[in-house]
Amino acid sequence: MRLINLGVSIAVVAFSVLMTINIPSSQYWVLAFYSACGGCLICCLETQLRFIRVIIAMNFGFLFNPTFRFAYYILLATICYSFENLFGKILAGCLVGVACYNTYILIKYPAYRKMRDTIAKEEDERINAQLRDRVRKEATANMFRR
């Protein structure tokens, strides 16, 4: 599920950037900005890094509810569809499909969220251990450098 969400979010951001470059109309710039922000939000949500996850949970808590997440994906799909070109319509269809898939998985398998949180905690611990080792090595190297 994470890879599908990441793939679609990267496609939305890339599409938004291309639309900003190609179309000079201000209405398309605004739509491209909204879709780029929406894609970045999904991408940041799926990275599962603790410092990003906490910010998203505090400010965008609706993404952790299957119903509201479905509505958000549909809103993002309508924005992509409103660009009125083939790739925008394909992206809109992909977003609707991903919205349905996410909702099905999150409702049918509530243990998936717990498993995902466990994996995120393990990744956080691994990253923190690497950071501690690196800080320790840098501090040791700087102590003996003088």
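Per chain, residues are indexed from 1 in the order of the written sequence. Where totals are concerned, whole chains, interfaces and linings use all residues; where local detail is concerned, this predicted model gives features only for residues with pLDDT of at least 70, and gives and counts side-chain atom pairs only at 80 or more. As a convention, hydrogens and water are excluded, and side-chain values are obtained from all of the structure's heavy atoms.

Undergrad: Can you break down the side chain of Ser35 residue by residue, with the values?
TA: Only DSSP runs of H or I covering at least 4 residues are called helices, and only runs of E covering at least 2 are called strands; the numbering of each starts at the N terminus. Along the chain, Ser35 turns up in helix H2 (residues 26-47). When sequence neighbours within four positions are dropped, the list of residues in contact with Ser35 reads Val12, Ser16, Leu76, Ile79 and Phe83. In what follows, residue pairs with any heavy atoms lying within 4.5 Å of each other are defined as contacts.

Undergrad: Break down helix H5 (residues 86-108) for me, with residues and values.
TA: Expected helix span is given by 1.5 Å per residue-to-residue step, counting one fewer step than there are residues. Taking 1.5 Å of rise per residue, the 23 residues of H5 would be expected to cover 33 Å, and the 33 Å separating its terminal C-alpha atoms lies within 8% of that figure. Taken together, the buried positions of H5 are Gly88, Leu91, Ala92, Leu95, Val98, Ala99, Asn102, Thr103, Ile105 and Leu106. Exposure categories follow from relative accessible area, calculated using a 1.4 Å probe and restricted to protein chains: below 20% of the type maximum is buried, above 50% is exposed, and the middle band is partly exposed.

Undergrad: Talk me through the packing of aromatic side chains; I want residue IDs and the actual numbers.
TA: Stacked, tilted and edge-to-face pairs are distinguished by plane angle, under 30 degrees for stacked and over 60 for edge-to-face with tilted covering the rest, among Phe, Tyr and Trp rings (Trp via its six-membered ring) whose centres lie within 6.5 Å. Tallied over the entire structure, the rule returns eight aromatic pairs. Aromatic side chains Phe15 and Phe83 sit 5.1 Å apart centroid to centroid with 90° between the ring planes, which places their arrangement in the edge-to-face category. With Phe15 in helix H1 (residues 2-22) and Phe83 in the loop between helix H4 (66-81) and H5, this pair connects stretches of sequence that are 68 residues apart. With relative accessibility at 3%, the residue Phe15 sits in the buried group.

Undergrad: Quick one: what's the story with the confidence of the model for the chain, residue by residue and with numbers?
TA: Per-residue confidence from the predictor is given as pLDDT, running between 0 and 100. With 98% of its residues at a pLDDT of 70 or more, the chain has an overall mean of 86. Mean pLDDT across the secondary structure elements of the chain bottoms out at helix H6 (residues 111-145), with 76, and peaks at H4, with 94.

Undergrad: I'd love a proper account of the pattern of salt bridges, names of residues and values included.
TA: We define a salt bridge as a contact between a side-chain nitrogen of Lys or Arg and a carboxyl oxygen of Asp or Glu at a distance within 4 Å. Evaluation of the coordinates by the stated rule reveals two salt bridges. Residues Asp133 and Arg136 are paired through a salt bridge, measuring 3.5 Å at the closest nitrogen-oxygen approach. Taken as a pair, Asp133 and Arg136 lie in helix H6 at a separation of three residues, close to a single helical turn.

Undergrad: Describe the environment of Ile52, naming the residues involved and giving the relevant values.
TA: Along the chain, Ile52 falls in helix H3 (residues 50-59). Residues Ile52 and Leu31, 21 residues apart in the sequence, show an inter-C-alpha distance of 25 Å. Each residue touching Ile52, except ones within four places of it in the same chain, is listed here: Cys44 and Thr47.

Undergrad: Before we move on, could you go through H3 and cite the residues and values that matter?
TA: All of the buried residues in H3 are Ile52, Arg53 and Ile56. Along the long axis of H3, the arc covered by the buried residues comes to 100°, so they all point the same way. Along H3, exposed side chains directed more than 90 degrees from the buried face belong to Phe51, Met58 and Asn59. Our arc is simply the arc of the directions from the helix axis toward the C-beta atoms.

Undergrad: Break down unusual backbone geometry for me, with residues and values.
TA: With phi around 60°, Glu84 is a residue other than glycine that occupies positive phi space. Its location among the elements puts Glu84 in the loop between H4 and H5.

Undergrad: Explain the side chain of Arg69 to me, and be specific about the residues and the numbers.
TA: Among the structural elements, Arg69 can be located in helix H4. Within the local environment of Arg69, its side chain forms a polar contact with the backbone oxygen of Leu63, the two atoms lying 3.2 Å apart. Every residue in contact with Arg69, bar those within four places of it in the chain, is listed here: Met1, Asn5, Leu45, Glu46, Phe62, Leu63, Asn102, Leu106 and Arg116. Between N or O atoms, a polar contact is any pair within 3.5 Å; within protein, one atom must be a potential hydrogen donor and the other a potential acceptor, and residues adjacent in sequence are included only when both atoms are from side chains.

Undergrad: Provide a residue-level description of the packing of H1 against H2, including the pertinent values.
TA: Relative to each other, H1 and H2 sit at 155°, their axes nearing to 8 Å. Here H1 lies roughly antiparallel to H2, going by the angle between them. Crossing angle aside, the handedness with which H1 passes H2 is left-handed. Here Arg2, Asn5, Leu6, Ser9, Val12, Val13, Ser16, Met19 and Thr20 of H1 lie close against H2, whose contacting residues are Trp29, Ala32, Ser35, Ala36, Gly39, Cys40, Ile42, Cys43, Glu46 and Thr47. Grouping the amino acids of the contact of H1 with H2 by side-chain chemistry returns ten nonpolar, seven polar and two charged. The angle between two axes is taken between their N-to-C directions and runs from 0 to 180 degrees, where each axis is a line fitted to C-alpha atoms and a helix contributes only its stretch in contact. Angular relationships are summarised with four words: roughly parallel below 35 degrees, roughly antiparallel beyond 145, roughly perpendicular across 65 to 115, and oblique for the angles in between. Two helices cross in a left-handed way if the nearer one is turned anticlockwise from the farther one by less than a right angle. They cross in a right-handed way if the turn is clockwise. Charged residues are taken to be Asp, Glu, Lys and Arg, nonpolar residues to be Ala, Val, Leu, Ile, Met, Phe, Trp, Tyr, Cys and Pro, and polar residues to be all remaining types, Gly included.

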